[in-house]
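# Summary of the model geometry
Spelled out from the first residue to the last, the chains are:
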Amino acid sequence: MPATKFDKESIKNTIIGKIQRYNGLTIEDASKAQIYRAVASTVRDQIMQKVLLSRETRKRQKGKRLYYLSVEFLMGRSMYCNMLNLLSTKEYTEALKELGIDIKDILKEEPEPGLGNGGLGRLAACFMDSLSSLDLPAMGCTIRYEYGLFRQKIVDGQQVELPDSWLENGNVWETAAMEDACEVHFGGYVEETEINGIKRYIPRDYYTVEAVPYDMPVVGYDATAVNPLRMWSARSPKKLDLGSFGEGHYVQASEEIELAEAISKVLYPEDRHYEGKMLRLKQHYFFTSASLQYILKEYKRTYSKDMSKLPEKVVIHINDTHPGMAVPELMRLLIDEEGLGWDEASAIVQKTIAYTNHTIMSEALEKWPVNMVQQLLPRIYQIICEMNRRLCERLWNYFPGDWDRIARMAIVSYDNIHMANMCVAMSYSVNGVSKLHGEILKEETFHDYNLVMPEKFSAITNGITHRRWLMSCNPELTALINDSIGTDWIKNPEKLSDLKPFADDAAFRDKFAVIKMHNKERLAKMLKERQNVEIDPQFMFDVQAKRLHEYKRQMLNALHILVLYNRIVNDESFTMEPRVFIFGAKASPGYYRAKQVIRMICALSELIEKHPRARKMLRVVFLENYDVSSAEVLIPAAEVSEQLSTASKEASGTGNMKFMMNGAVTIGTMDGANVEISEQVGMENIYIFGMRSDTVRDMYRENTYNPMTIYESNHEIRQAMTQMIDGTLMPGNPAALQDLYHSLLLGSWGSMGDSYFVLKDFGSYSMAQRRLNTDYANREKWLKMAVINTAMSGIFSSDRTIKEYNDTIWHLTPLGTEKKKK
Ligand code: 26Q
């Protein structure tokens, strides 16, 4: 079948034709939403032609395939990136223009699939883009949440959560793959019998949930591969039986249906705070089991019935421990369904599963109460216990008599199942997400495991796709780069460093500055439209955008702003470079302190607005509902990137890379990937402050830190903190920030106050801010720094990250190098 052409004329005709057929309308009468669907469907046709070729090539090559399991994929909108990767942005833009339509108006119609909380979910999405762009055969596996992360509104200076019903008007990108639907079983008990002298485990009395997959294609940039993101949706196998209406059973039946379908109803909004919720455990097992059943089915269909060869053709990567039930589930399928013995099965598992850790914070380490797992997944529980027994036996040989150590390393201890230990013990690769994080994993979190199995551990620094985070969100800067150094960097992003000499080119810097100004104007316009807030694009744009958490220290930023305000108010002659501090952050609905920080930021904003002289040089704006789409406008407009986490706490960070790539200069701690950013740009092109990671860790161990001494000796801190509770910040409700105030000063139950060292690092932060302010006034110096940041960001492309994963962990062969058809 000859491929349909997608030149400008045929795109135009296709869109007109679709609107006629779908809606019975001419393009003039169609709404933007209708036009969006017609355009998207055209893009989709173009993708589907490639899907076919991609699948055929993969099946012919019979190579190894990666399954990337993640409970979150924060994809963001697809349409523009799809066009970009199909090399068709120009054709679509012009076709629409000739139809009298601005493509930007149409792109906005796409609802954003927000199936993730933050960094971990967005990383999975960037990985999908790079995998396809590098032609590596892969499938992403996740849950098709009916409701993604809540939408955030600010009402009276406080966060209000609204449901995100992104599927309301359908999802043009997905296709149901009914042929791969399968069953997932919960509850019941296990009957042990012997058949032909072999022990068998028969599940009894379980209840069934049906798993229905929906596939979303991810196209690579100028590539053969189109990899699917497979999203599993839960459905009850029970149909509401009309016959039972008469018997009065239908209420119970419909309740059961609802219970089953609740599994894929909503994304949990708590990132990094673990809570042992039954529904969450169900979610994790549900999509993990469905994915694994499919993986084995596909393996047997495509390759062989011989399970011992599985590791040659399949690698399962688990994004943190959330899909960690893949370990016992694969054991179960191999033993109970495929008839393998324990040792064989265990050897296969340990050659097939690889694990990435994303946090060292103990409150985020997943553990499940034994009785919960026993009740919900009785056979899985048996397998976990047996794995644990054998593991402890082995550890006993390494550490005879060292019970404490073995208990720390065990999968089951103190009535809990420790997912991280299970993942480390049973996978062949354990990796951290930045150099520093990798070191901390080896030296602290998994110190004992590193003694026993050091060969498993590695660190691969995160990355971001430069296609979305530069080419798509900052087209003007992309054009300037292309004009200056050509287009090689697109396929080889480290070549961005060819830009470095241009830092000394005055004409280039001016163009760079003009583009930054345009992007600032674009953000100002969005804020005006969405929130009716006016900001002056001449101000310095200083941005902190990320999930709200104490360890990320939005509070440090806020406290510093309050100190700046006091300097202005207390001293008529004080001046500074006019600056607007922009925050974007969602707080988990149950995280009281995080919500208070939002209140504090909003209160700061109001306080400053009331002071005519202060607001001439200092503004605070809280950008509502920070998500992927708003990040795409916010980040290109930023001049300063705030990366303030307490050293050792941010495993990597990826926002830091996005800001850098778009020419913002970082002010940050030596944490996560900030360390590597500083190595790339040099200490003269970044503002590093605060305690180093090892000092922080010593301070925690010594437990002698007392924030009160800083409070007492630093007048500016004391004044600002007092204003939190004396009615200055909160005139209507002076007590509102009391808990926040106390958390900075007083410990509770033996733990120290100010657990994230906000006061401790304040002085150093404030000094760094002074230097930054001075440097910003020197336009030439500042622009040089900005250019160097963009120039040195290529290494943070997720293409580099994925290549490293592939070289050290996955060993996939890229899809065929046959002549590319356009
Ligand atoms: C915990 C318990 C039970 C179920 C889920 C969870 C849970 C969910 C989400 C725990 C953590 C998360 C999210 C973690 C996350 O986003 N971590 C970030 O990962 C990024 C990508 O590696 C890093 O750049 C960030 O530093 C890290 O904070």
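Residues numbered from 1 in each chain as written. Predicted model: local features only at pLDDT ≥ 70, side-chain atom pairs only at ≥ 80, totals over all residues. Heavy atoms only, no water.

### Here's the deal with the site of the ligand
Stated precisely, the cut-off is as follows: Think of it this way: one heavy atom of a residue within 4 Å of a molecule or strand is enough to make that residue near it. We define a polar contact as two N or O atoms separated by no more than 3.5 Å, with the added condition that, inside protein, one atom must be a possible hydrogen donor and the other a possible acceptor, whereas residues neighbouring each other in sequence contribute only through side-chain atom pairs. Every accessible area reported is derived by Shrake-Rupley at a probe size of 1.4 Å, with residue values counting cover from the shown protein chains alone. Strands are runs of DSSP state E lasting at least two residues, helices are runs of H or I lasting at least four, and both sets are numbered from the N terminus onward. By the convention adopted, Pro, Cys, Tyr, Trp, Phe, Met, Ile, Leu, Val and Ala count as nonpolar, Lys, Arg, Asp and Glu as charged, and the other residues, Gly among them, as polar.
Of all residues adjacent to the ligand, which total 21 residues, the nearest are Arg272, His358, Asn462, Glu650 and Gly653. Contact distances for the ligand include 2.6 Å between an oxygen atom and a side-chain N or O atom of Glu650. Ser652 is positioned with one of its backbone polar atoms (N or O) 3.0 Å from an oxygen atom of the ligand. Here the ligand loses 98% of its free accessible area of 620 Å² to cover by the protein chains. Going through the elements one at a time, α6 (119-133) and α8 (278-302) are the ones with two or more residues in the shell around the ligand. A per-element tally of the shell around the ligand places α6 first, with three residues. For the shell around the ligand, the residue count by class is six nonpolar, eight polar and seven charged.

### Side note on the sheet that holds strand β14 (residues 412-413)
Inclusion rule: Two strands are said to pair when DSSP picks up at least two bridges between them.
The strand order β13-β15-β14 describes an open sheet built from three strands, whose pairing is antiparallel. Across the chains shown, the open sheet's two edge strands, defined by having one partner strand only, are β13 (367-369) and β14.

### Observations concerning the packing of aromatic side chains
Cut-off, in case you're wondering: The criterion for an aromatic pair is that two Phe, Tyr or Trp rings (for Trp, the six-membered ring) have centres within 6.5 Å, with stacked assigned to planes under 30 degrees apart, edge-to-face to planes over 60 apart and tilted to the rest. Residue burial is assigned from relative accessible area. The probe radius is 1.4 Å, only protein chains are included, and a residue is buried under 20% of its type maximum, exposed over 50%, and partly exposed in between. In this scheme, the term charge over a ring applies when either NZ of a lysine or CZ of an arginine sits within 6 Å of the ring centre and within 35 degrees of the ring normal.
Applying the stated criterion across every chain yields a total of 18 aromatic pairs. Seen from their ring centres, Phe127 and Tyr805 are 5.4 Å apart, and the 70° between their planes marks the pair as edge-to-face. Taken together, the positions of Phe127 in helix α6 and Tyr805 in helix α33 (residues 798-810) put the pair 678 residues apart, joining distant regions of the chain. Comparing Phe127 with Tyr805 shows no difference in burial state: the two are buried. Taken together, the ring pairs connect Tyr68, Phe73, Phe127, Tyr805 and Trp810 into an aromatic cluster. A cation over a ring is seen here: Arg405 above Phe399, with NZ or CZ 4.3 Å from the ring centre.

### Focus on the sheet that holds strand β20 (residues 618-623)
One open sheet holds the six strands; their spatial order is β20-β19-β18-β21-β22-β23, and the pairing between them is parallel. The open sheet has two edge strands with one neighbour each: β20 and β23 (687-688). As defined by bridge partners, strand β18 (residues 540-545) adjoins strand β21 (residues 640-643) across two bridges and the pair is classed as parallel. Bridge assignment links Asp542 to a residue of β21, and that residue is Val640.

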